[in-house]
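Observations on the three-dimensional arrangement
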Amino acid sequence: MLVDHAVTIPMALMWPGREAWPVKIVPIAINTVQFPLPSLARCLNLGRAVGRALDSYGRDIKVVTVGTGGLSHQLDGERAGFINKAFDLQFLDSLESNPEWATQFSVHELVEKTGTQGVELLMWLAMRAALSSAGPRVKEVHRNYHIPISNTATGLMAFEVA
């Protein structure tokens, strides 16, 4: 499977103008396209498993965990252009100290709240869960949320493990 824009765009933004990325990557694909979609709890558990694997690595290395994808948006159909700013902001608020908050929703409820493509936030949840072993030492250091003149809200969050 080839990597797509979910990998190449963030990497190009982190290392602009580079022909080759100066890091090794391990892409993890989460289905956000074809039903049945994974549950939020399953994505949370996947992220935790990735975190445990990173914690058990025998060498002292620096790791960046990146979750990509849009927040609420729907690109086509009756709800084309749908954005749920209130839900997006609540979801982002939960990521620092309570990522389990999102698991109260079924995938169908998530699609209703975020739009068909808004389920991409499953990847944000898995990314955050990869930091779960750090517990309360996870701290949000940057956040940006923007609704450009387009069909999707955009966001960026950066966390550090103290």
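See the structure above.
Criteria and cut-off values
Residues numbered from 1 in each chain as written. Predicted model: local features only at pLDDT ≥ 70, side-chain atom pairs only at ≥ 80, totals over all residues. Heavy atoms only, no water. Helix = DSSP H or I, 4+ residues; strand = E, 2+ residues; numbered from the N terminus. Buried < 20%, exposed > 50% of the residue type's maximum accessible area, 1.4 Å probe, protein only. Lys, Arg positive; Asp, Glu negative; His and termini not counted. Salt bridge = Lys/Arg side-chain N within 4 Å of Asp/Glu carboxyl O. Contact = heavy atoms within 4.5 Å. Phe/Tyr/Trp six-rings, centres within 6.5 Å; stacked < 30°, edge-to-face > 60°. Lys NZ or Arg CZ within 6 Å of the ring centre and 35° of its normal. Core = buried A, V, L, I, M, F, W, Y, C linked by side-chain atoms within 4.5 Å. Arc of directions from axis to C-beta. Axes fitted to C-alpha atoms, helices over the stretch in contact; angles between N-to-C directions. Left-handed = near helix turned anticlockwise from the far one by under 90°. Nonpolar A, V, L, I, M, F, W, Y, C, P; charged D, E, K, R; others polar.

Looking now at the side chain of Glu-120. Relative to the elements of secondary structure, Glu-120 occurs in the loop between α4 (107-114) and α5 (121-129). Within the buried core, Glu-120 has no salt-bridge partner, and the shortest N-O distance to an opposite charge, that of Arg-79, equals 13 Å. Discounting residues that sit within four places of it in the chain, Glu-120 has contacts with Thr-32, Thr-68, Gly-69, Gly-70 and His-73.

This next bit is on the packing of aromatic side chains. The description of an aromatic ring pair rests on the distance of the ring centres and on the angle between the ring planes. Considering all chains together, one arrives at three aromatic pairs under this definition. Ring plane angle 70° and centroid distance 5.5 Å describe the contact between Phe-87 and Phe-105, whose orientation is recorded as edge-to-face. Remark: Phe-105 occurs in the loop between α3 (85-97) and α4 and Phe-87 occurs in helix α3; sequence separation between them is 18 residues. For the residue pair Phe-87 and Phe-105, the accessibility class agrees, reading buried in each case. An aromatic cluster is defined as three or more aromatic residues linked by ring pairs; in this entry it consists of Phe-87, Trp-101 and Phe-105. The aromatic ring of Phe-82 is capped on one face by Arg-79, whose charged end is 4.2 Å from the ring centroid. One cation-aromatic arrangement involves Arg-128 over Phe-159; the distance from NZ or CZ to the ring centre is 5.9 Å.

In terms of nonpolar packing, the biggest core is built from 32 residues, with Phe-91, Leu-92, Leu-95 and Trp-124 touching the most fellow members. Among the secondary structure elements, those contributing two or more residues to this core are α2 (40-56), α3, α4, α5, β1 (138-146) and β2 (154-161). Among the elements that take part in this core, α5 stands out by supplying eight residues, more than any other. The contact partners of Phe-91, leaving out residues within four places of it in the chain, are Leu-71, Trp-101, Ala-102, Leu-121, Trp-124 and Leu-125.

Along the chain, Leu-71 falls in the loop between α2 and α3. Of the residues examined, Leu-71 reaches a relative accessible area of 0% and is grouped as buried. With 17 residues separating them in the primary sequence, Leu-71 and Asp-88 have C-alpha atoms 6.3 Å apart.

Another point: α3. Of all the positions in α3, only Phe-87, Asp-88, Phe-91, Leu-92, Ser-94 and Leu-95 are classed as buried. Looking straight down α3, one finds that the buried residues subtend no more than 160° of arc, so they occupy a single side. Among the exposed residues of α3, those oriented more than 90 degrees off its buried face are Ala-86 and Ser-97. Contacts made by the buried residues of α3 are with α4, α5, β1 and β2.

Close contact between α2 and α5 brings their axes to 6 Å; oriented N to C, the two are set at 35°. Where α2 crosses over α5, the handedness of that crossing is right-handed. Counting all contacts with α2, which are made through Leu-40, Cys-43, Leu-44, Gly-47 and Arg-48, the residues of α5 involved are Leu-121, Leu-122, Leu-125, Ala-126 and Ala-129. Considered class by class, the residues forming the contact of α2 with α5 number eight nonpolar, one polar and one charged.

Further remarks concern unusual backbone geometry. Omega for the peptide link from Phe-35 to Pro-36 comes to 5°, which places this bond in the cis form. Here Pro-36 is to be found in the loop between α1 (5-14) and α2.

It is worth spelling out the environment of Val-7 at this point. Assignment of secondary structure puts Val-7 in helix α1. Between the C-alpha atom of Val-7 and that of Ala-53, which follows or precedes it by 46 residues, the distance is 21 Å. Once residues within four sequence positions are removed from consideration, Val-7 is found in contact with Trp-21, Ile-25 and Pro-27.

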